[in-house]
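# Descriptive structure summary
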Amino acid sequence: MDLQTRVVSAESIAKVLTPRTRAVVVVHLYGYVADMPAIAELCRQRGLILIEDAAQSIGAELDGQKSGSFGDMAIFSFHSHKNLTTLGEGGMLYVRDPRMAALIPALRHNGHCAYAFERPDYWKPAMGNVDMPILDGDFLQPNNYCLGEVECALGAKLLERIDTINDEKRARALRFIDALADVPELEFHRVATRRHNYHLLAARMVTGPEQRDRFLRRMHDDKGIKCVVQYIPLNRYDYYRRLGLDKADCPNADTFFDSMISFPFQHWLREEDLDYMLQSTREVLASLR
Ligand SMILES: Cc1ncc(COP(=O)(O)O)c(C=O)c1O
């Protein structure tokens with residue numbers, strides 16, 4: 001990851017590719033679209049599948065093209081915290097290859113798919129087959145992640161407003177960032193275009209992890225503002241360590257995680273809330289100097 005943009009680049013990906021690499025997953029972290037034309041070109045040259053994690057970047061775009069439409073597949077999240085939500089939970093999958101896309105309805109529905117043969121009685125041997133289609137010799141594990149009609153209806157309607165929602169979030173993020181431009185301790189990623197939807201408002205405490213921790217504690221204890229840290233690098237979770245997946249060498253992700261701050265930034269925050277958070281940030285930082 002790049003310390004300033006907080007996402008991967010074609011150069012950082014190229015450095016870690018091995019002959020065993022089959023796919024590249026790009027996370028548009030915090031809602032900022034990575035340099036997808038360069039990354040897509042790299043994947044094309046190397047014959048790699050390109051997957052976009054657009055969970056946080058719905059509606060964000062690069063040169064007029066929306067995140068999630070650059071690669072072979074993309075996932076979107078409509079969890080209640082996201083810029084577009086479907087009443088709590090929900091998500092969307094984009095699959096470019098029609099052969100693969102044809103598998104998805106069965107995947108999402110416990111593996112149920114049609115039998116390949118003619119049946120004189122449609123109920124024999126059963127309603128549907130659970131023998132998942134095989135693609136290039138691989139089995140797919142079915143799930144049951146169905147989004148209900150009501151959630152779909154809401155999501156489809158909100159999709160019409162996504163640019164407005166994102167523009168509003170970006171305007172508020174920029175107001176916050178610009179108001180703290182003279183504060184040397186905090187480094188934000190300032191993007192004034194639709195390339196960033198500011199799903200989250202993240203900053204780095206350039207004075208280091210200890211100052212970051214002091215700041216979080218004072219903001220919480222004295223001001224009642226609960227900033228959080230998002231996200232612990234996967235290789236540092238005990239769970240992944242136990243699985244032996246702790247060998248990753250990601251110095252920038254480590255540096256960023258250890259000194260990052262995610263300010264509360266829900267769409268429904270009132271302007272007064274934002275002003276209070278700004279004022280509190282200034283006061284707490286001043287008291288820590
Ligand atoms: C970057 C990223 N990827 C994936 C997910 C998972 O999305 P969901 O909670 O809808 O399964 C999330 C959200 O929680 C996310 O922020």
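All figures in this text were calculated on a predicted structure; none of them were measured in a lab.

## So, the site of the ligand
- Neighbouring the ligand are V27, D53, A55, Q56, S77, K82 and G90.
- Take Q56: an N or O atom from its side chain is 2.8 Å from an oxygen atom of the ligand.
- The contact in question runs from an oxygen atom of the ligand to an N or O atom on the side chain of S77, over 2.6 Å.
- About the coverage of the ligand: the protein hides 59% of its 390 Å² of free accessible area.
- Class assignment of the residues belonging to the shell around the ligand gives a composition of two nonpolar, three polar and two charged.

## Looking at the pairing of strand β9 (residues 260-263)
- Burial of β9 is two-sided: the residues M260 and S262 facing one way and the residues I261 and F263 facing the other way are all buried.
- Relative to β9, strand β8 (residues 201-205) runs antiparallel, the two sharing four bridges. If you follow A203 over to β9, its bridge partner there is I261.

## A look at empty space enclosed by the protein
- Per the counting criterion, the structure on display carries one cavity of 30 Å³ or more.
- Of the volumes computed, that of the largest cavity is approximately 60 Å³.
- Lining the largest cavity are 13 residues, and of these R6, H189, H196, Y198 and A202 sit closest to its centre.
- Along the lines of polarity and charge, the residues of the lining of the largest cavity split into nine nonpolar, three polar and one charged.
- The residue makeup of the lining of the largest cavity includes at least three contributed by each of domain 1 (10-159) and domain 2 (162-288).

## Concerning the layout of surface pockets
- As a volume, the largest pocket reaches approximately 1600 Å³.
- Lining the largest pocket are 40 residues, with M1, V8, L234, C250 and A253 positioned closest to its centre.
- Contributing elements (two or more residues each) for the lining of the largest pocket: α1 (10-16), β1 (23-27) and α9 (251-259).
- If you tally residues by element for the lining of the largest pocket, the top one is α9, at five residues.
- For the lining of the largest pocket, the class distribution of residues is 25 nonpolar, seven polar and eight charged.

## Details of the domain arrangement of the protein chain
- Here the protein chain is described as being made up of domain 1 (10-159) and domain 2 (162-288).
- For domain 1 and domain 2, the distance between their C-alpha centres works out to 28 Å.
- Between domain 1 and domain 2, the contact holds 21 residues from the first and 19 residues from the second.
- In total, domain 1 and domain 2 occlude about 1700 Å² of area from one another, counting both sides; carbon and sulfur atoms represent 52% of this.
- Together, Y30, Y32 and N83 form the three largest contributors to the area buried by domain 1 at its contact with domain 2, with a combined 48%.
- Summed over the shared surface of domain 1 and domain 2, the result is one salt bridge.
- Close ionic contact of D163 with K66 constitutes a salt bridge, the shortest N to O distance being 2.7 Å.
- For the side of domain 1 that touches domain 2, the secondary structure elements donating two or more residues are β3 (61-62) and α5 (149-159).
- Among the residues forming the side of domain 1 that touches domain 2, the class breakdown is eleven nonpolar, six polar and four charged.

## Some remarks on the sheet that holds β9
- The strand order across the open sheet built from three strands is β7-β8-β9, with neighbouring strands paired in antiparallel fashion. On the outer flanks of this sheet lie β7 (186-188) and β9, each paired with one strand and no other. Put simply, the sheet's adjacent strands are angled 35° from each other on average, direction ignored.
- Along the sheet face, helix α7 (residues 209-223) touches β8 and β9 and points at about 25° away from the line of β9.

Analysis parameters
In this numbering scheme, every chain counts its residues from 1 along its sequence in written order. Local features in this predicted model are restricted to residues whose pLDDT is 70 or higher, and side-chain atom pairs enter the listing and the counts only when it is 80 or higher, whereas totals over whole chains, interfaces and linings include all residues. As a convention, hydrogens and water are excluded, and side-chain values are obtained from all of the structure's heavy atoms. Residues are classed as near a molecule or strand on a simple rule: at least one heavy atom within 4 Å of it. What qualifies as a polar contact is a pair of N or O atoms within 3.5 Å, subject to a donor-acceptor requirement within protein and to the restriction that residues adjacent in sequence count only when both atoms come from side chains. Accessible surface is estimated by sampling points in the Shrake-Rupley manner with a 1.4 Å probe; for residues, cover comes only from the protein chains shown. The residue classification treats Ala, Val, Leu, Ile, Met, Phe, Trp, Tyr, Cys and Pro as nonpolar and Asp, Glu, Lys and Arg as charged. All others, Gly included, are polar. Whether a residue is buried, partly exposed or exposed follows from its accessible area with a 1.4 Å probe, protein chains only, as a fraction of its type maximum: under 20%, in between, or over 50%, in that order. Secondary structure follows DSSP: runs of H or I at least 4 residues long count as helices, runs of E at least 2 residues long count as strands, and numbering of each begins at the N terminus. When DSSP locates at least two bridges between a pair of strands, those strands are taken to pair. A cavity, in this analysis, means grid points on a 1 Å lattice covering only the protein atoms where a 1.4 Å probe fits yet has no way out; a pocket is instead an open set bounded by protein on both sides within 12 Å along at least five of seven lines, and a residue lines either one if it has an atom within 4 Å of a point. Grid points are joined across faces, edges and corners, and a volume is the space filled by probe spheres set on the points. Domains are outlined according to an automatic or database domain assignment. Any two residues whose heavy atoms approach within 4.5 Å at even a single point are treated as in contact. Throughout, the accessible surface (probe 1.4 Å) given up by two parts as they are put together, summed over both, is called the buried area. By definition, a salt bridge exists where a carboxyl oxygen of Asp or Glu is found within 4 Å of a side-chain nitrogen of Lys or Arg. What counts as an axis is a line fitted to C-alpha atoms, over the stretch in contact for a helix, and the angles between N-to-C directions run from 0 to 180 degrees.

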